[in-house]
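The primary structure of each chain is shown beneath.
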Amino acid sequence: MLTRLFPLWAILVSAAAIGRPGAFLVLAPATTPLLALVMFTMGVTLTVGDFRRIARRPAPVVAGIVLHYAIMPLAAWLIGRLLGMPPALQVGMILVGSVSSGTASNVMIYLARGDVALSVSISTLSTLVGIVATPLLTRLYVAADVQVDVLALLRSIVMLVALPVAAGLAVNMLAPRLVRRVEPVLPLVAMIAIMTIIGSIVASVRPSLAAAGPLVLLGVVLHNGIGLVGGYWGGRLLGLEESACRTLAIEVGMQNSGLAATLGRLYFGPLAALPGALFSIWHNISGSALSAWWSTRPVPAPSPAPPRTS
């Protein structure tokens, strides 16, 4: 129940960070290990069967990955240019667009009557692809006069994503009974970690929040909306079932914005982390609202296959 109210807690934490920034600034050194902890909790939920599922049903999974990494970085670049964002904010938007899908997407897809197995498969493969895709897409879309250390980004993503996810998967394989006992509290642990990251980032950009905040919020809302719509209609154009289209909408529209915010702060400064922090709040609000609406709308039964002719 507490984790379903994540948008509310994130808004309250952001307000507290604006009012009492000192209490959150001291937490800044902890943001990197906290993000690694979030990715570890994701790895703990994975099994070898998740990877087998990708191999058995590759087409919709690949469709989700292609739509995700085609739509979101390009949309971020266009929005940043059209809104005339300063370079640091444009970089932050591009980082949000270039990371893997969001860690909360699976729960929202379940509530939306989507395809949870497909969601897990896309989230898993998206995370693995993002290890290489995120630094390369960032370099592709960021302006040439902004220095991007691709190898440093790659090293950070390996440390923050690949190793924690692999460690979590190993723990699940070696101690499954222990994992089952602690699994119910893992979403709460991940939520607290993400909220700490958000609070720290909001506190660090507090002096420029009044000027930059409304512009970034507009960009984030547009970016997320393009992802949700593009994912859904991309699935429709590919002839996928309604449940798969709902899954693609949320998988494409939700981002691992905590990773984007952390990378922005590490390599481009506090202002570049602001889009990731605001995206973390907004995509949970929009995703929850969309899931609630879809939960009231039945999924049409798939059309029967035409009879074979001899």
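Up top is the structure these notes are about.
Bear in mind that the values here come from a model prediction, so they are computed numbers and not experimental data.

## A look at the packing of aromatic side chains
Moving on, step 1. For the structure on display, the rule yields 4 aromatic pairs.
Moving on, step 2. Taking the centre distance of 6.4 Å and the plane angle of 45° together, the rings of tryptophan 77 and tyrosine 141 count as tilted. In this pair, tryptophan 77 is assigned in helix α5 (residues 58–82) and tyrosine 141 in helix α8 (residues 116–141), connecting sequence segments 64 residues apart.
Moving on, step 3. Seen in terms of ring centroids, tyrosine 232 and tryptophan 233 are 5.5 Å apart; in terms of plane orientation they differ by 85°. Their pairing is edge-to-face.

## Comments concerning helix α14 (residues 257–268)
Moving on, step 1. With 12 residues, α14 extends 15 Å between its outermost C-alpha atoms, agreeing within 8% with the 16 Å of an ideal straight helix rising 1.5 Å per residue.
Moving on, step 2. Within α14, 10 of the 12 residues are buried, leaving the element largely enclosed by the surrounding structure.
Moving on, step 3. Along α14, the residues classified as buried are Ser257, Gly258, Leu259, Ala260, Ala261, Thr262, Leu263, Gly264, Arg265 and Phe268.
Moving on, step 4. Glycine 269 occupies a position one or two residues after α14 and carries a positive phi of about 105°.

## Let's talk about the pattern of salt bridges
Moving on, step 1. The tally for this structure, following the rule as stated, stands at 2 salt bridges.
Moving on, step 2. For glutamate 242, the salt bridge identified is with arginine 246, shortest N-O distance 2.9 Å. Of the two residues, glutamate 242 and arginine 246 are both situated in helix α13 (residues 242–253); the distance of 4 residues between them amounts to about one turn of the helix.
Moving on, step 3. Residue arginine 246 is classed as buried on the basis of its relative accessible area of 3%.

## Things to note about helix α11 (residues 186–204)
Each full turn of the α-helix corresponds to 3.6 residues, which orients residues three or four apart in the same direction.
Moving on, step 1. With 19 residues, α11 should reach 27 Å at 1.5 Å per residue; the first-to-last C-alpha distance of 27 Å fits that figure.
Moving on, step 2. When you tally the buried positions in α11, you get 14 out of 19 residues, the bulk of the element.

## Let's talk about the packing of α11 against helix α12 (residues 206–237)
Moving on, step 1. The contact between α11 and α12 brings their axes to 6 Å, and the two run at 85°. Relative to α12, the element α11 lies roughly perpendicular. For the pair formed by α11 and α12, the contact residues are Val202, Ala203 and Ser204 on the first element and Arg206, Pro207 and Leu209 on the second.
Moving on, step 2. Across the contact of α11 with α12, the residue classes break down as 4 nonpolar, 1 polar and 1 charged.

## As for the environment of leucine 37
Moving on, step 1. Of note, leucine 37 is situated in helix α3 (residues 31–44).
Moving on, step 2. Note on leucine 37: relative accessible area 33%, which makes it partly exposed.
Moving on, step 3. Residues leucine 37 and glycine 64 lie 27 residues apart in sequence; the distance between their C-alpha atoms is 26 Å.

## Some words on the nonpolar core
Moving on, step 1. Membership of the largest hydrophobic core comes to 73 residues, with the highest contact counts inside it found for Leu160, Val161, Leu259, Leu263, Phe268 and Leu274.
Moving on, step 2. Residue contributions to this core peak at 10 residues, all from α11.
Moving on, step 3. Setting aside residues no more than four positions away along its own chain, valine 161 makes contact with Met39, Thr127, Ile131 and Leu259.
Moving on, step 4. In terms of nonpolar packing, the next biggest core, distinct from the first, is built from 11 residues, Ile109, Ala112, Leu228 and Ile250 among them.

Procedures and definitions
Residues numbered from 1 in each chain as written. Predicted model: local features only at pLDDT ≥ 70, side-chain atom pairs only at ≥ 80, totals over all residues. Heavy atoms only, no water. Phe/Tyr/Trp six-rings, centres within 6.5 Å; stacked < 30°, edge-to-face > 60°. Helix = DSSP H or I, 4+ residues; strand = E, 2+ residues; numbered from the N terminus. Expected span 1.5 Å × (residues − 1). Buried < 20%, exposed > 50% of the residue type's maximum accessible area, 1.4 Å probe, protein only. Salt bridge = Lys/Arg side-chain N within 4 Å of Asp/Glu carboxyl O. Axes fitted to C-alpha atoms, helices over the stretch in contact; angles between N-to-C directions. Parallel < 35°, antiparallel > 145°, perpendicular 65-115°, else oblique. Contact = heavy atoms within 4.5 Å. Nonpolar A, V, L, I, M, F, W, Y, C, P; charged D, E, K, R; others polar. Core = buried A, V, L, I, M, F, W, Y, C linked by side-chain atoms within 4.5 Å.

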